[in-house]
Amino acid sequence: MKLPTIAFAITASFLASSVTLRAETVVLTADAMVDVETGRLVSDPVITIVDGEITDVSRGEAAVAEGDTVINLTGMTILPGLIDMHVHLTGKATDQGYRRLQISHERAAITGVVNAKKTLMAGFTTARNVGAPSFSDVALRDAIAEGDVPGPRLYVSGPSIGITGGHCSDNNLLPEEYGLVGEGVADGPWAVRAKVRRNIKYDVDLIKTCSTGGVLSKGTKVGAPQYTLEELTALVEEAHSHGRKVASHAHGTEGILNAIKAGADTIEHSSFIDDEGIRLAKEKGTFLSMDIYNTEYILGEGEKAGILQESLDKERVVGTRQRDSFRRAHEAGVKMVFGSDAGVYPHGDNANQLSRMVRFGMTEAQALRAATFNAADALGQKGNIGVIAPGASADIIAVAGNPLSEIGLLEDVRFVMKQGAIYKSD
Ligand code: ARG
């Protein structure tokens, strides 16, 4: 029986960031759906959602009961809400280098509120914040979860933990007499463990560390390891014993190897990964998160944003190698997740990286899988997010066409639902 449907246009009444759609049952249909697990396009999907959770996925004619809300996304392809594994919501792309010194933690927290909304509206229903001033990202996560402000479901690290003068911890911008030491600075296994415990005490979801220098930090070398294997092993052991995963920033070959050997769950950037690193990552199931769009923004807009000259020089070397490494690691079959480093580039433009992932070796389906299914796996959330399947949260986005042949469509997401609530419906 064909039951009455509510035209899609009227779902606009459910819109607005603060409104949670908690109709008992919502039936959502579209022209097609991307099955991110198999990489195939499925026609005429019918998704049943009860209290924000997907309870049924079928095809063809929708079976609608009295009182159900029906959403027909005619002309649209749906897919699971995207997941960005590397963002800095509390940072702005336009505030780099010495400008950062003027920004208080409180101001950064407000920036986070603005950027969380932009990220969600761009189709990212989940994001992992890797490094924030103090516990501003913990507060943001909770405010979003409690429905005070709109944003993606967040997994947050709080302050990054790193060596004295390191990429993760110190900013090295001021001379010694200012006495500035980053809040995440710790040297030696026990000091490192203490910092991990402190972050966990204040309720972080994961630990972010740095096992090499970085591009944007003053005076650090991307090729130089930061932390010894002993320190990294202590950090990972401590984090894992409390059920927290570890994300390690690493550009240089040796620091990547150290982080993988220590048991880090994801390697961020992974720019100079060698064959040994690729082999070990495969063996240990380590995920690589490679921000290959970043370089375009840094070299194009970075100077205006205040990025230091030395960082621009480093970027010219790192960017090219990173793209090559991306292709090699992917071809070798290493597990890859989508991580953009938004915050270095503008929040809301996160999806721009998908087309670069295709340009540098992935199929459209593989790029989408990295941003959904694989990312959920790396978060320990397989089945809960990153798929449109019974038992998963109703995190669903839609684009106007087939993203498996036109990945750029993800830069123009038309519909965003998170946990059954509609946040965007163009
Ligand atoms: N946050 C990173 C760093 O400072 C950005 C690296 C950007 N460059 C790149 N090619 N991905 O090291």
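Residues numbered from 1 in each chain as written. Predicted model: local features only at pLDDT ≥ 70, side-chain atom pairs only at ≥ 80, totals over all residues. Heavy atoms only, no water.

Caption draft 1: Structural detail: the site of the ligand. The local shell around the ligand holds 16 residues, among which Val215, Leu216, His251, Asp291 and Glu315 are the closest. Valine 215 places a polar main-chain atom, nitrogen or oxygen, 2.8 Å from an oxygen atom of the ligand. When the ligand is considered free in solution it has 350 Å² of accessible area, and contact with the protein chains removes 97% of it. Of all the elements in the fold, those that place two or more residues in the shell around the ligand are helix 7 (294–305) and helix 8 (309–332). Element by element, the count of residues in the shell around the ligand is highest for helix 8, at 4 residues. Among the residues forming the shell around the ligand, the class breakdown is 4 nonpolar, 9 polar and 3 charged. (Near = heavy atom within 4 Å. Polar contact = N/O pair within 3.5 Å; in protein donor to acceptor, adjacent residues only side chain to side chain. Areas by Shrake-Rupley, 256 points an atom, 1.4 Å probe, with all protein chains shown as cover. Helix = DSSP H or I, 4+ residues; strand = E, 2+ residues; numbered from the N terminus. Nonpolar A, V, L, I, M, F, W, Y, C, P; charged D, E, K, R; others polar.)

Caption draft 2: Structural view of the packing of helix 5 (residues 253–262) against helix 6 (residues 275–284). Between helix 5 and helix 6, the shortest axis-to-axis distance is 10 Å and the interhelical angle comes to 15°. Comparing their axes, helix 6 and helix 5 come out roughly parallel. Where helix 5 crosses over helix 6, the two elements pack in a sense that is left-handed. The residues of helix 6 that touch helix 5, namely those facing Leu257, Ile260 and Lys261, are Glu276, Gly277, Leu280, Ala281 and Lys284. (Axes fitted to C-alpha atoms, helices over the stretch in contact; angles between N-to-C directions. Parallel < 35°, antiparallel > 145°, perpendicular 65-115°, else oblique. Left-handed = near helix turned anticlockwise from the far one by under 90°. Contact = heavy atoms within 4.5 Å.)

Caption draft 3: The arrangement of unusual backbone geometry in detail. Of note, serine 134 is a non-glycine position whose phi angle comes to about 50°, a positive value. Tracing the chain through its elements places serine 134 in the loop between strand 7 (124–129) and helix 2 (136–145). The phi dihedral of serine 270 is positive, around 55°, even though this residue is not glycine. On the secondary structure map, serine 270 appears in the loop between strand 11 (266–269) and helix 6.

Caption draft 4: Spatial organisation of the sheet that holds strand 7. Read from one edge of the open sheet, 3 strands run 6-7-8, paired in parallel fashion. Looking at strand neighbours, the two that pair on one side only are strand 6 (82–87) and strand 8 (153–156), the edges of this open sheet. On average, each strand axis in the sheet is tilted by 15° relative to the strand beside it, whichever way the strands run. (Pairing = 2+ DSSP bridges.)

Caption draft 5: Up close: the packing of aromatic side chains. As enumerated under the stated definition, the model contains 3 aromatic pairs in all. Each ring, one from phenylalanine 124 and one from phenylalanine 338, has its centre 5.6 Å from the other, and the planes form 35°; the classification is tilted. Within this pair, whereas phenylalanine 124 is found in strand 7, its partner phenylalanine 338 is found in the loop between strand 13 (336–337) and helix 9 (352–359), the two being separated by 214 residues in sequence. Classification of phenylalanine 338 as buried rests on a relative accessible area of 0%. Centroid distance phenylalanine 135 to tyrosine 202: 5.1 Å. Interplanar angle 50°. Geometry classified as tilted. Of the two residues, phenylalanine 135 is situated in the loop between strand 7 and helix 2 and tyrosine 202 in the loop between helix 3 (189–201) and strand 9 (206–210); the sequence distance between them amounts to 67 residues. With relative accessibility at 14%, the residue phenylalanine 135 sits in the buried group. Judged by its relative accessible area of 37%, tyrosine 202 is partly exposed. (Phe/Tyr/Trp six-rings, centres within 6.5 Å; stacked < 30°, edge-to-face > 60°. Buried < 20%, exposed > 50% of the residue type's maximum accessible area, 1.4 Å probe, protein only.)

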